[in-house]
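As a plain string of letters, each chain reads:
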Amino acid sequence: MNLLEFNDNPRIRRAIAQIENPKNIKVLFVCLGNICRSPAAEGLMRQSVIENGTENRWEIDSAGTGNYHIGELPDPRMRAHARRRGLELDHRCRQVSESDFYNFDLIIAMDSSNYANLRRIAPTAESQDKILQMAEFFDSCTNCDHVPDPYYDGADGFELVLDLLTAATRNLRDTVETNSLA
């Protein structure tokens, strides 16, 4: 996909239009346990905005819809694969809370199950509009329609997730920065 295709997505446009302060964009990445996909997305997004020189405009965090791993570091396998790419994942796992819907501009779900859970717990219709799926930012050549959970996969699963998220976080960054300053 190119930037125009992301800009033509009405859900993305509606979510970006709600960003309160384009000089302080707050994004939360969400998966089930907050030990693989969402902390990887958080780390890759941080890396992306640093590379772009816009890190002072972003607040980035991650959480899980489940409460299985609260306080733990991300999965050691994800941390090892991320480290090979120069990325340290030191986030402490936490569960999504109702206050996240008030504190973040965008809430990005890694798959349709977490998307549905987020929409169910969103306190208002306006907060539901903040919820997007990471797959909405995939390149058009991607064969996936969600970020697959690598927890039960081998090394290839973790590498695939990192590849998908690297491109998607850059697309997210570019789309938000282009449209929030317009």
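Please read all numbers here as calculations on a predicted model, not as lab measurements.

**Some words on the environment of Thr124**
Here Thr124 is to be found in the loop between α6 (112-121) and α7 (125-128). We classify Thr124 as partly exposed; its relative accessible area is 27%. For the pair formed by Thr124 and Tyr102, sequence separation is 22 residues and the distance between their alpha carbons is 9.7 Å.

**Considerations on the sheet that holds strand β1 (residues 25-31)**
If you trace the 4 strands from one edge of the open sheet to the other, you get β2-β1-β3-β4, paired in parallel fashion. Both edges of this open sheet fall to β2 (58-64) and β4 (131-133), since each of them pairs with a single strand only. For this sheet, the mean inter-axis angle between neighbouring strands, taken without regard to orientation, is 25 degrees. Sheet strands touched by α6: β1, β3 (106-109) and β4. Its angle to β4, the strand with the most contacts, is close to 175 degrees.

**Brief notes about the pattern of salt bridges**
Under the defined criterion, the tally for this structure stands at 13 salt bridges. Residue Arg77 pairs with Asp75 through a salt bridge whose shortest N-O separation is 2.9 Å. Under the relative-accessibility criterion, Arg77 is labelled partly exposed at 33%. Overlapping salt bridges, with partners in common, bring together Arg37, Asp111 and Asp149 in one network.

**Focus: the packing of helix α3 (residues 37-52) against helix α8 (residues 155-180)**
To describe two helices that pack against each other, one gives the angle between their axes and the distance between the axes. Closest axis-to-axis distance for the α3/α8 pair is 9 Å, and the angle between their directions is 50 degrees. One way to sum up the angle between α3 and α8 is to call them oblique. Once α3 is placed against α8, the crossing between them reads as right-handed. For the pair formed by α3 and α8, the contact residues are Arg37, Ala40, Ala41, Leu44, Met45, Ser48, Val49, Glu51 and Asn52 on the first element and Val161, Leu162, Leu165, Thr166, Thr169, Arg170, Leu172, Arg173 and Glu177 on the second. Looking at side-chain class alone, the contact of α3 with α8 contains 9 nonpolar, 4 polar and 5 charged residues.

**A short note on the nonpolar core**
For soluble globular proteins, the rule of thumb is that nonpolar side chains tend to be buried together. If you look at the biggest cluster of nonpolar residues, it comprises 38 residues, and the most contacted ones within it are Phe29, Leu106, Ile108, Met110, Met134, Leu165 and Leu172. Mapped by element, the contributors of at least two residues to this core are α2 (10-17), β1, α3, β2, α4 (76-84), β3 and α8. At 8 residues, α8 tops the list of elements feeding residues into this core. Not counting the four nearest positions on each side in its chain, Ile108 is found in contact with Val27, Leu28, Phe29, Val30, Leu132, Gln133, Met134 and Leu172.

Reading guide: rules and limits
- Residues numbered from 1 in each chain as written.
- Predicted model: local features only at pLDDT ≥ 70, side-chain atom pairs only at ≥ 80, totals over all residues.
- Heavy atoms only, no water.
- Helix = DSSP H or I, 4+ residues; strand = E, 2+ residues; numbered from the N terminus.
- Buried < 20%, exposed > 50% of the residue type's maximum accessible area, 1.4 Å probe, protein only.
- Pairing = 2+ DSSP bridges.
- Axes fitted to C-alpha atoms, helices over the stretch in contact; angles between N-to-C directions.
- Contact = heavy atoms within 4.5 Å.
- Salt bridge = Lys/Arg side-chain N within 4 Å of Asp/Glu carboxyl O.
- Parallel < 35°, antiparallel > 145°, perpendicular 65-115°, else oblique.
- Left-handed = near helix turned anticlockwise from the far one by under 90°.
- Nonpolar A, V, L, I, M, F, W, Y, C, P; charged D, E, K, R; others polar.
- Core = buried A, V, L, I, M, F, W, Y, C linked by side-chain atoms within 4.5 Å.

Taken by themselves, the reported measurements are silent on function.
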